[in-house]
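Working through the structure, step by step
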Amino acid sequence: MEAYSDFAKVYDIFMDETPYQAWRDVLLDILRENKITDGIIVELGCGTGVMTELLADQGYDMIGIDNSEEMLGIAAEKRSAKNSGILYLNQDMRELELYGTARAMISICDSVNYLTEPEDVVKMMKLVNNYLDPGGLFILDFNTVHKYRDVIGDTTIAENREDCSFIWDNYYDEEEQINEYEITFFVREEKELFRRFTEIHYQRGYTLEEMKRFAGEAGLLYVAAYDGYSGRVAGADSERILLVLREQGK
């Protein structure tokens, strides 16, 4: 089954504890420090549009791009009247196509980890570089090899809620650096009737050194790397890294 098809319907429910507003504040700090206070920002892997809306609330002209029609459909449905100008596009980030450039691009919630071939990461970054304004920023986060190998590994996670539950079976292939997770959902449809469906997702773990090399190959300038959204400099124990890159010429 294609990732984020049926899952899209319950995605926001299970992501309700994600600290989106705190993440937005970190992104805003980086953008404003670089004098990007308005203009077009593109979010790659925007999902149901939570961060897209949060940044639109701050006055940015947002474009949200995602490979899942189902996720984009939910994003469009809940788009607020205030942010009716958000443009949502159904595109693969490896085939990014815009009509013009953007002041910045962002990609959060480990969307980049879904690119399981290093050459695809480079391809995506080259396109980002092409569509950034001179000196524009690309801010992305990614899960590290350390997280998949040493923290998650081969585990089973379950969560039970009143109207929906899931069982997450996680497997990590250290040789290939591929993390596979099979999620089985149980979603209430009426009274005591629950519908069951399963999705399988694949992500690749990356190291900071790999990402810096990919950026260099794509023509992007490395600026900084932080441990998640904490502001601390990224290190060997970082599970999620927030990477800041800059356009430096086409």
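To be clear, the structure that these remarks concern was listed above.
Residues numbered from 1 in each chain as written. Predicted model: local features only at pLDDT ≥ 70, side-chain atom pairs only at ≥ 80, totals over all residues. Heavy atoms only, no water.

Some details on helix 6 (residues 145-152)
Within helix 6 the residues assigned to the buried category are Val 145, Lys 147, Tyr 148 and Ile 152. At the C-terminal side of helix 6, Gly 153 shows a positive phi close to 55°. (Buried < 20%, exposed > 50% of the residue type's maximum accessible area, 1.4 Å probe, protein only. Helix = DSSP H or I, 4+ residues; strand = E, 2+ residues; numbered from the N terminus.)

A word on the side chain of Thr 48
Mapped onto the fold, Thr 48 is located in the loop between strand 1 (40-44) and helix 3 (50-56). Beyond its immediate sequence surroundings of up to four residues, Thr 48 is in contact with Tyr 11, Asp 12, Met 71, Ile 74, Ala 75 and Lys 78. (Contact = heavy atoms within 4.5 Å.)

A look at the sheet that holds strand 7 (residues 164-173)
Spatial strand order, 6-7-8-9: 4 strands in an open sheet with antiparallel pairing. The sheet is open, and its two borders are formed by strand 6 (156-160) and strand 9 (193-204), each paired with just one other strand. Across the sheet, the mean angle separating the axes of adjacent strands is 15° when strand polarity is ignored. Both strand 7 and strand 8 (residues 178-190) contribute to a ladder of 10 bridges, which runs antiparallel. Across the sheet, Trp 168 pairs through a bridge with Ile 183, a residue of strand 8. Packed on one face of the sheet, helix 6 meets strand 7, strand 8 and strand 9 and runs near 105° to strand 7. (Pairing = 2+ DSSP bridges. Axes fitted to C-alpha atoms, helices over the stretch in contact; angles between N-to-C directions.)

Topic: the packing of aromatic side chains
Inspection of the entire model under this criterion finds 7 aromatic pairs. Here the aromatic rings of Trp 23 and Tyr 229 are separated by 4.5 Å at their centres, their planes lie at 10°, and the arrangement is stacked. In this pair, Trp 23 sits in helix 2 (residues 20-33) while Tyr 229 sits in the loop between strand 10 (220-227) and strand 11 (240-247), placing the two residues 206 residues apart along the sequence. Look at Tyr 229 and you get buried, because its relative accessible area is 14%. The ring of Tyr 222 has Lys 212 lying over it, and the distance from NZ or CZ to the ring centre is 4.4 Å. (Phe/Tyr/Trp six-rings, centres within 6.5 Å; stacked < 30°, edge-to-face > 60°. Lys NZ or Arg CZ within 6 Å of the ring centre and 35° of its normal.)

As for the environment of Glu 162
As for its placement among the helices and strands, Glu 162 is situated in the loop between strand 6 and strand 7. In sequence terms Glu 162 and Asn 143 are 19 residues apart; their C-alpha atoms lie 30 Å from each other. Ignoring sequence-local partners within four residues, the contact set of Glu 162 consists of Arg 188 and Phe 194.

Considering the side chain of Asn 170
Structurally, Asn 170 can be placed in strand 7. When its relative accessible area of 1% is taken as the criterion, Asn 170 is described as buried. A polar contact of 2.7 Å, which involves the side chain of Asn 170, links it to the backbone oxygen of Gly 153. If we ignore the near neighbours within four places in the chain, the residues touching Asn 170 are Ile 152, Gly 153, Asp 154, Thr 155, Asn 179, Glu 180 and Tyr 181. (Polar contact = N/O pair within 3.5 Å; in protein donor to acceptor, adjacent residues only side chain to side chain.)

So, unusual backbone geometry
Unlike most non-glycine residues, Lys 35 shows phi in positive territory, near 60°. Residue placement: Lys 35 occurs in the loop between helix 2 and strand 1. Positioned with a positive phi, Asp 110 is a non-glycine residue whose angle comes to about 50°. Tracing the backbone shows Asp 110 in the loop between strand 4 (102-107) and helix 5 (118-131). Owing to a relative accessible area of 12%, Asp 110 belongs among the buried residues under this scheme.

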